Amino acid sequence: MRQGFPALLFALAPCIMTPAVLAQTSSSPVTSVSTVTEIESSLFDEHASLASLKKKLEEKQNQVDNRAQQTVRLTKLADQAESSLAKAKSSLEQDYTRMIDEPDFDIAPAQKRFQGAWKTVKDSKSAVSDSEQVHQTLLLELNAIQAEKSSIETSIAALNNTKLRARAERLRGELTQSDTQTVSFTNNCSSDMTLAQCSNQTVTLALQKAVNQFQNSVIDNTTETKQVKDNLASTSLNIHVLDHTVTTASFYEGSKYKAIVKANLETRPDKNTPCRLLNIKSSSCFTKSDEQTNDQQKEVAWVNLVVRSNQYNDNVAINGVKYGSTPVEVMLPTGKHMITIAKEGYLSFHQELEISRDQNLRAVLQAKQNSLNVGSKFADPMPDHSQSPEMIVVGAGRYLLGENNARQVVVDKPFALSATPTTVQAFKSFVEKTGYQTDAELTNTCNSISNTEITPIPDSYWRNPGFKQTDSSPVVCVSRSDAANYARWLSKETGFTYRLPQADEWEVAARAGQETSFWWGNDFGAGKANTGWSGTPWSNNSTSPVRTFPPTPTGFYDMVGNVWEWTQNPQGSAKGGAWSFSPNEAKVFNELNIAPSTSANYLGFRVLREL
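Residues numbered from 1 in each chain as written. Predicted model: local features only at pLDDT ≥ 70, side-chain atom pairs only at ≥ 80, totals over all residues. Heavy atoms only, no water.

1. So, helix H6 (residues 424-434)
Logical step 1: Every buried residue belonging to H6 is among Val424, Phe427, Lys428, Ser429, Phe430 and Val431, and all of these are buried.
Logical step 2: The inward-facing, buried residues of H6 abut helix H8 (480-494).
Logical step 3: A positive backbone phi angle near 75° is found at glycine 435, which sits one or two residues after H6. (Buried < 20%, exposed > 50% of the residue type's maximum accessible area, 1.4 Å probe, protein only. Helix = DSSP H or I, 4+ residues; strand = E, 2+ residues; numbered from the N terminus. Contact = heavy atoms within 4.5 Å.)

2. Examining the pattern of salt bridges
Logical step 1: For the structure shown, the criterion picks out 21 salt bridges.
Logical step 2: Where glutamate 610 meets arginine 499, a salt bridge forms, and the shortest distance between an N and an O atom there is 2.8 Å. Of this pair, glutamate 610 sits in strand E23 (residues 608-610) while arginine 499 sits in strand E18 (residues 498-499), placing them 111 residues apart in sequence.
Logical step 3: Close ionic contact of arginine 511 with glutamate 507 constitutes a salt bridge, the shortest N to O distance being 3.0 Å. With arginine 511 and glutamate 507 both in helix H9 (residues 503-511) and four residues apart, this pair spans about one turn of that helix. The pair arginine 511 / glutamate 507 is uniform in exposure class, with both members buried.
Logical step 4: Here the salt bridges share partners, and the residues they tie into one network are Arg167, Arg170 and Glu224. (Salt bridge = Lys/Arg side-chain N within 4 Å of Asp/Glu carboxyl O.)

3. A look at the sheet that holds E18
Think of a sheet as strands paired side by side through backbone hydrogen bonds, with each pair either parallel or antiparallel.
Logical step 1: Ordered by their spatial adjacency, five strands build an open sheet running E11-E12-E15-E23-E18, and the pairing between neighbours is antiparallel. Looking at which strands have only one partner, the edges of the open sheet turn out to be strand E11 (377-378) and E18.
Logical step 2: In the sheet, strand E12 (residues 391-394) pairs with strand E15 (residues 415-418) via four bridges, with the strands oriented antiparallel. What sits directly across from methionine 391, in E15, is serine 418. (Pairing = 2+ DSSP bridges.)

4. Remarks on the sheet that holds strand E5 (residues 315-318)
Logical step 1: Taking strand neighbours across the sheet as the criterion, the four strands line up as E6-E5-E8-E9 in an open arrangement whose pairing is antiparallel. Unpaired on one side and paired on the other, strand E6 (321-324) and strand E9 (349-355) mark the two borders of the sheet. Along the sheet, successive strands turn relative to each other by an average axial angle of 25°, direction set aside.
Logical step 2: When E5 meets strand E8 (residues 335-342), the two strands line up antiparallel, connected through four bridges. Note on E8: the bridge partner recorded for isoleucine 318 is isoleucine 339. (Axes fitted to C-alpha atoms, helices over the stretch in contact; angles between N-to-C directions.)

5. Structural notes on the packing of H6 against H8
Logical step 1: Between H6 and H8, the least distance of the axes is 11 Å, while the angle of their chain directions is 75°. The orientation of H6 with respect to H8, classified from their angle, is roughly perpendicular. Contact residues: H6 offers Ala426, Phe427, Ser429, Phe430, Lys433 and Thr434, while H8 offers Asp482, Asn485, Tyr486 and Trp489.
Logical step 2: For the contact of H6 with H8, the residue count by class is five nonpolar, three polar and two charged. (Parallel < 35°, antiparallel > 145°, perpendicular 65-115°, else oblique. Nonpolar A, V, L, I, M, F, W, Y, C, P; charged D, E, K, R; others polar.)

6. Some thoughts on the nonpolar core
Logical step 1: Grouped together as the largest cluster of nonpolar side chains are 58 residues, with contacts concentrated most on Leu305, Phe427, Tyr602 and Phe605.
Logical step 2: Sort the elements by how many residues they give to this core and H8 lands first, with five residues.
Logical step 3: Sequence-distant contacts of leucine 305, defined by excluding residues within four places in its chain, comprise Ile318, Val328, Glu329, Val330, Leu332, Ile339, Leu353, Gln359 and Leu361.
Logical step 4: With 29 residues, the next largest nonpolar core counts Ala206, Val241, Leu265 and Leu278 among its residues. (Core = buried A, V, L, I, M, F, W, Y, C linked by side-chain atoms within 4.5 Å.)

Below, the structure written as C-alpha cells:
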C-alpha cells in the first residue's frame, strides 16, 4: 500500500507511539543471548533435579507403603500374642485352684507358659511401636521430598516466565536498531506528471524500498528469525525515516526516472511488539509499575480484543465508542470494558469484560421471539444484501394428516417454510457463490416423463431441463443431496438452521388448516394449479413461474402441482405433484417415493427454517 510522508519522517505503521521503558523485576536487565542461555541451562539442571526427585519420591513412597504393611502385620501378631497371653493366664489360674486341693501339684509348667506369653506380648508391642516410629520417620522424609519437588516445580515455573521475559527483552534489543540504507529505484513516470511530481513519487517509492530493506535486515539478524517472520503480520516494527538524501536523480530512456537515495532509519517497536512476534502472552512484555517520578506516567499494558458475533451488519460499541460491524479488532488497556453488540430485530448483547491478555469474544445474538408469530412473513438478512427466501411461520399443535385424515400428528415446535419452491434465481446465486455442481451435471443426465415413461435426457441439468424457464421458475433437475446442500449454504449465510421439511411438516403447511384433498376442497377443478391435464398453458409442457396461481389462505404458493418437492426422508420422497403428473397425484396426502440421487425435470424443493 502506497503512503505519503512528511519531509523528515516516513512511518511504515499506521500509527506511531513512543515506546515506554520496560521495568525489570531483577537487579540487572535480561537483555543478552547469554542470559537466555543461562536460564535454559538452569532449566535443564532444575528438570534433571526434578527427575531425580521424582525417582527418589517413588522409592520413598514404596518404603512408606511397605512399612505401613509391616506395621499392620506386626499389629495382627501383637493381637494374637494378647490372645495367647489371656489363655495362658486362664490356664495358670486353673492350676492355682487345683493346687489348693492337691498341694503336691506342679504349677511350674503353667507359670512358664504364662511368662513366655507375657514376653511375646511385650516383644510384639515393642515391635509395633518401633515400626510405627520408622513409618513416621519415613513419612517425614517423604513430605520433605515432596516439599523439595514443589519448590523445584515453582522454580521451573518462575524460570519459564523469566525465560519468556528474557526472550522478549532480547528481541526488543535486536529490533531496536538504527542504520543507513542506500537504495536505487527506477520509476516509469506517467506522461502527464511534472518533473517535480515524478521526482517526489520516485523518492517516495525509494524510501518504501529502503524501509522494507531495513526491516528485512533487522528481522534476519534476530535470534528467533523464523518465529518473528511467522508472526510479523500481527504487528509493526514502527520504522521511522529520520532523514534522507537524494545522491543521484535523472531521466533515461525517455520516461524512466532513476533515483539513488541514502536514508537514515530507526525502529521504534511498541512495548508489546516482541510478545506478538514471539507469539507469547503480553504479560511477558509488561510489569506492574512502582510509584514513579512526577515526569513519568504509570505503565499500563494494552492488549488485543477481537469481537465477533453470529450476525452480519451488527453494531459494536466498546465503552460507548462505536467500532462498526463485527468482526472488530481493537487494542485496549487491561481492565474492565463494557461491550455492546446490537442489531435490529435481535436482543442486544451487553457484557462487562475484564481483560488482562489478548482475547477473543464471540456473542450470539438471539432473534426477538415476539416478531415470529404464526402466519408472520420474514426473510433473513444475507451478508451481501441479496434476497433470501420469504418464509412463513407455521404453528405447533395437533394435526390430522394422511388420507381421510386418519393420522393424528403432534408438531412440537413452530417452524417457518418458504412461501414458494426454490427458484432458478435463488439456486443460481448459490451456485455462483460456491461453484457447486449438481448431481445431474456430474452424471450429465436428468430424467423426464415421456409417454408416461421415465426417460433420461442427456446433457440436461438445472439450467437446461428440456424446456424454457425464467429466473422465477422453480429450479428442477436437483437431487435430494443438491437440495440439502443449498439449505446448508443458506444456514451458513444467515446464521440460522435451514433444512428440507419432513413429510408431515410439509403436509401441515400445505393443508392450511383444511381437511380436504386440496386446500380449496376435494375436487381439483380446472386451471387452479399446474399439473398434467389441468387446463393451464404449462400443463404437460413445463413448469410455471412461482406465484402464478393463487396461494393457500396462509400464503404458500404451488403447494399443489408445478414440481414435486423433496422432503427430509433419507429413503427419498417428494410431495405436491408436478406439471407432468395427473391432478390426482397432487392430493395433499400423496407421496412420490423416489431414490434420493434422482434428478428430474419435475423435481424441485422448498426449504424449512427452524425457529
